[in-house]
Amino acid sequence: MTGHQDIAAQAGTDEDEVLRVPADLRPEIPHPARMYDYYLGGKDNFPADREAAEKVLALSPLVRISALANRAFLGRAVRYLAEQGVTEFLDIGTGIPTAGNTHQIAQQVHPHARVAYLDNDPIVLVHGRALLAAASHGSATVVQADLRDPDAVLATPEVRRLLEPGRPVGLLLFAVLHFVDDKDDPHAIVRRLVDALPPGSHLALSHATGDFTSATAAAKGPAIYRAASAQLTMRTRQEVLGFFDGLELVEPGLVTAPLWRPDRAPEPTDGEVAIWAGVGRKA
């Protein structure tokens with residue numbers, strides 16, 4: 001039984017309509033969220049997703065390493081923010097839930113931490129809502145919204161409630177901005193979101209890069225994602241650094257994901273993991 005069928009079984013009654021699996025899953029078309037799930041060793045993926053993911057891995061084995069490093073960075077960054085007193089989290093482009101979700105980590109530090117997950121993908125939404133319905137999750141919610149429309153994101157009732165009290169917010173953009181094309185001006189999107197946050201808020205983000213991959217992989221990888229209905233734009237360290245303009249970068253600054261406050265001794269290859277990661281504070 002696939003993960004999608006598992007969720008359908010959980011959602012078997014009419015009152016659980018919100019958890020029903022969308023009819024347009026299109027399992028024959030690879031999907032970036034399910035491909036990412038495959039990189040992480042998850043089970044919520046189909047043969048088309050695995051085939052496309054293996055093509056990407058053939059071009060650059062760093063992709064799986066980077067996906068795992070990104071997930072570990074999420075855990076360390078969320079815990080760091082919670083330890084700084086952040087109790088409100090806005091997690092945009094959350095992806096298919098897996099172990100160590102934002103609310104689970106934050107609520108280990110602050111049991112009453114509030115988390116709003118936002119994604120524009122109905123496949124992600126059904127997984128997220130099933131997770132929250134099946135577990136003791138404190139204050140956490142899943143909302144459909146598109147990062148490319150930051151004003152609509154900020155206008156959702158769930159986000160407005162997070163921002164209402166004026167307490168610092170953790171804005172989380174993990175492995176999502178590389179799916180925003182340059183024509184949509186991702187730097188302006190991030191500025192709009194950060195401008196709406198109270199002082200003392202933090203931005204934590206990670207972003208895929210071609211800085212450590214071959215020219216062939218940098219050219220062919222995005223083409224595979226376009227076949228999965230996703231525009232992939234890998235950016236340089238300098239381009240990713242621009243997302244933190246106006247913010248105070250938390251030590252150690254913008255580094256590859258395994259090198260951001262590691263909880264183990266770094267390995268020689270950690271400096272070439274193909275994803276930049278950093279946390280910035282709004283003064």
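Remember, predicted model here, so these are calculated numbers, not experimental data.

A. Layout of helix α3 (residues 47-59). Taking 1.5 Å per residue as the helical rise, α3 with its 13 residues ought to reach 18 Å, and the 19 Å between its terminal C-alpha atoms agrees with that figure. For α3, the complete set of buried residues consists of Ala 48, Asp 49, Ala 52, Ala 53, Val 56 and Leu 57.

B. Structural view of the confidence of the model for the protein. For the protein, the average pLDDT comes to 84, and 83% of its residues sit at 70 or higher. Contacts from residues 1-21, a stretch scored under 50 in pLDDT, to residues over four places away or in other chains number 33 contacts.

C. Expanded view of the environment of Arg 235. Within the secondary structure layout, Arg 235 lies in the loop between α10 (215-227) and α11 (237-241). In sequence terms Arg 235 and Ile 275 are 40 residues apart; their C-alpha atoms lie 9.4 Å from each other. A polar contact of 3.0 Å, which involves the side chain of Arg 235, links it to the backbone oxygen of Leu 177.

D. How the structure looks around the packing of helix α4 (residues 62-83) against helix α5 (residues 102-109). For the pair α4 and α5, the least separation of the axes is 9 Å and the interaxial angle reads 35 degrees. Handedness of the crossing formed by α4 with α5: right-handed. Across the interface between the two elements, Leu 74, Gly 75, Val 78, Arg 79, Ala 82 and Glu 83 from α4 touch Thr 102, Ile 105, Ala 106, Gln 108 and Val 109 from α5. Here the contact of α4 with α5 is composed, by residue class, of six nonpolar, three polar and two charged.

E. How the structure looks around the packing of aromatic side chains. Taken as a whole and judged by the stated rule, the model has four aromatic pairs. With a centroid separation of 5.5 Å and 80 degrees between ring planes, the pair formed by Phe 73 and Trp 260 is classed as edge-to-face. In this pair, Phe 73 is assigned in helix α4 and Trp 260 in the loop between β7 (255-256) and β8 (275-281), connecting sequence segments 187 residues apart. Assessed through its relative accessible area of 0%, Phe 73 is described here as buried.

F. Up close: the pattern of salt bridges. Scanning the model with the defined rule gives nine salt bridges in all. When the shortest N-O distance is used, the salt bridge between Arg 167 and Glu 88 registers 3.1 Å. Pair noted here: Arg 167 is in the loop between α8 (157-163) and β4 (169-174) and Glu 88 is in strand β1 (residues 88-92), with a separation of 79 residues, a long-range link. Residue classification places Arg 167 among the partly exposed residues on the basis of a relative accessible area of 39%. Under the relative-accessibility criterion, Glu 88 is labelled buried at 2%. Asp 184 serves as the salt-bridge partner of Lys 183, at 3.7 Å between the closest nitrogen and oxygen. Note on Lys 183: relative accessible area 69%, which makes it exposed. Linked by salt bridges that have partners in common, Glu 88, Arg 114 and Arg 167 make up one network.

G. Spatial organisation of the side chain of Arg 76. Inspection of the secondary structure puts Arg 76 in helix α4. Put simply, Arg 76 is tucked away with no salt bridge, and the nearest opposite charge, on Asp 263, sits 4.8 Å away. Not counting the four nearest positions on each side in its chain, Arg 76 is found in contact with Ala 257, Pro 258, Trp 260, Arg 261, Pro 262 and Asp 263.

Definitions and cut-offs
Residues numbered from 1 in each chain as written. Predicted model: local features only at pLDDT ≥ 70, side-chain atom pairs only at ≥ 80, totals over all residues. Heavy atoms only, no water. Helix = DSSP H or I, 4+ residues; strand = E, 2+ residues; numbered from the N terminus. Expected span 1.5 Å × (residues − 1). Buried < 20%, exposed > 50% of the residue type's maximum accessible area, 1.4 Å probe, protein only. pLDDT = per-residue confidence, 0-100. Contact = heavy atoms within 4.5 Å. Polar contact = N/O pair within 3.5 Å; in protein donor to acceptor, adjacent residues only side chain to side chain. Axes fitted to C-alpha atoms, helices over the stretch in contact; angles between N-to-C directions. Left-handed = near helix turned anticlockwise from the far one by under 90°. Nonpolar A, V, L, I, M, F, W, Y, C, P; charged D, E, K, R; others polar. Phe/Tyr/Trp six-rings, centres within 6.5 Å; stacked < 30°, edge-to-face > 60°. Salt bridge = Lys/Arg side-chain N within 4 Å of Asp/Glu carboxyl O. Lys, Arg positive; Asp, Glu negative; His and termini not counted.

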